[in-house]
Number of protein chains: 2
Amino acid sequence: MAKDAQHPDLDEVPLTTVLAALSDPLRLGLVRLLSDGVERQWGELDTPVAKSTLSHHLKVLRSSGITRTREEGTRCYVHLRLDELERRFPGLLGSVLAAEGHGATTVGVKPQRQPA
Amino acid sequence: MAKDAQHPDLDEVPLTTVLAALSDPLRLGLVRLLSDGVERQWGELDTPVAKSTLSHHLKVLRSSGITRTREEGTRCYVHLRLDELERRFPGLLGSVLAAEGHGATTVGVKPQRQPA
DNA sequence: CACCTTATTCGATGTTCGTAGAACATCGAA
DNA sequence: TTCGATGTTCTACGAACATCGAATAAGGTG
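Since we're looking at a predicted model, the values are computed, not measured.

What follows deals with the interface of chain A and chain B. For interface size, the figure often reported is the accessible area lost on association. Listed by partner, the interface residues are 24 residues for chain A and 24 residues for chain B. With both sides pooled, the region where chain A packs onto chain B buries about 1,500 Å², and carbon together with sulfur makes up 71% of that total. Sorting the residues of chain A by area buried against chain B places A:Leu15, A:Thr16 and A:Leu19 first, and these three jointly supply 32% of that buried surface. Counting the contacts that link chain A with chain B gives 0 salt bridges. At the junction of chain A with chain B, the criterion picks out 2 residue pairs in polar contact (both at pLDDT 80 or more). Of all elements in the fold, only α1 (15–22), α2 (25–34) and α5 (92–98) of chain A reach the threshold of two or more residues within the side of chain A that touches chain B. The dominant element in the side of chain A that touches chain B, judged by the number of residues it contributes, is α1(A), at 5 residues.

Residue and element names in this part refer to chain A. Bridge count between strand β3 (residues 67–72) and strand β4 (residues 75–80): 6 bridges; the pairing is antiparallel. Counterpart to Glu71 in the pairing with β4 is Cys76. Hairpin connection of β3 to β4: 2 residues between the antiparallel strands, including Gly73 at a positive phi of 65°.

Residue and element names in this part refer to chain B. Two numbers describe how helix α2 (residues 25–34) lies on helix α3 (residues 51–63): the axes approach to 10 Å, and their chain directions differ by 70°. With respect to α3, the axis of α2 lies roughly perpendicular. Here α2 and α3 pass one another in a crossing that is right-handed. Only Leu54, His57, Leu58, Val60 and Leu61 of α3 make contact with α2, whose side of the interface consists of Leu26, Arg27, Leu30 and Val31. Considering only residue class, the contact of α2 with α3 consists of 7 nonpolar, 1 polar and 1 charged.

About the cut-offs
- Residues numbered from 1 in each chain as written.
- Chains lettered and ligands numbered in written order.
- Predicted model: local features only at pLDDT ≥ 70, side-chain atom pairs only at ≥ 80, totals over all residues.
- Heavy atoms only, no water.
- Contact = heavy atoms within 4.5 Å.
- Buried area = accessible area lost by both parts, 1.4 Å probe.
- Salt bridge = Lys/Arg side-chain N within 4 Å of Asp/Glu carboxyl O.
- Polar contact = N/O pair within 3.5 Å; in protein donor to acceptor, adjacent residues only side chain to side chain.
- Helix = DSSP H or I, 4+ residues; strand = E, 2+ residues; numbered from the N terminus.
- Pairing = 2+ DSSP bridges.
- Axes fitted to C-alpha atoms, helices over the stretch in contact; angles between N-to-C directions.
- Parallel < 35°, antiparallel > 145°, perpendicular 65-115°, else oblique.
- Left-handed = near helix turned anticlockwise from the far one by under 90°.
- Nonpolar A, V, L, I, M, F, W, Y, C, P; charged D, E, K, R; others polar.

Here it is in structure tokens:
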């Protein structure tokens, strides 16, 4: 992401934007995976889409204030803005994650080459 | 709606579908208006869109299991499936309605000609 | 420096969505 | 039956979106 790593102030983000971001199966899957609060690296995310597509979806999540991206060298790490989301939309993430039969794409974690 | 007034079983509806339905400003506005549990007639809904567009949005809400439509003569009435939604997605509607700065379109209630 | 890895951006494509107007179907009332 | 009110459906179109592959930029490593 780099240059335009715009992380919006959550107070500026309308609810509709967040809901739209969460209404995509892949993005919801990503959020579910990240819901444990652990920061993941791009490469760890095991999704059924092309790299560029994944990059796009992560950008959507980022620009809607759901995730935060941090870069370290060439690697990028993502994590949910859990606390902020909870303050802005109390209970939302919880009820979203609690739902069964969510149509989310299952996103796994690829064993990543440990940067020693 | 009439012929194909399909009201899906909420258990069959994926979360992503519900979120997608709620991510539109007008639809979210409709849901907010209906959140008091009161059943409203089509004509009562004061929205800034054409009749056909409103019909479309109401159809989306209906087919995603959020609202239920009842027809009486030529009039149609809508109301939220509050209890069912709560059981299926506990807390979801509450947190959605609680959010401030939702980007919802404000939907008013038109004084309706009382069918005496 | 050459090279590999990682992620972004660009161009192209096909799909879905929101919207409106016109035509149609229904029902109730005059 | 004719008219008016109410909704639905059809058709169309531009905007937005999802997707991919190729090209690009930036960091490490040898």
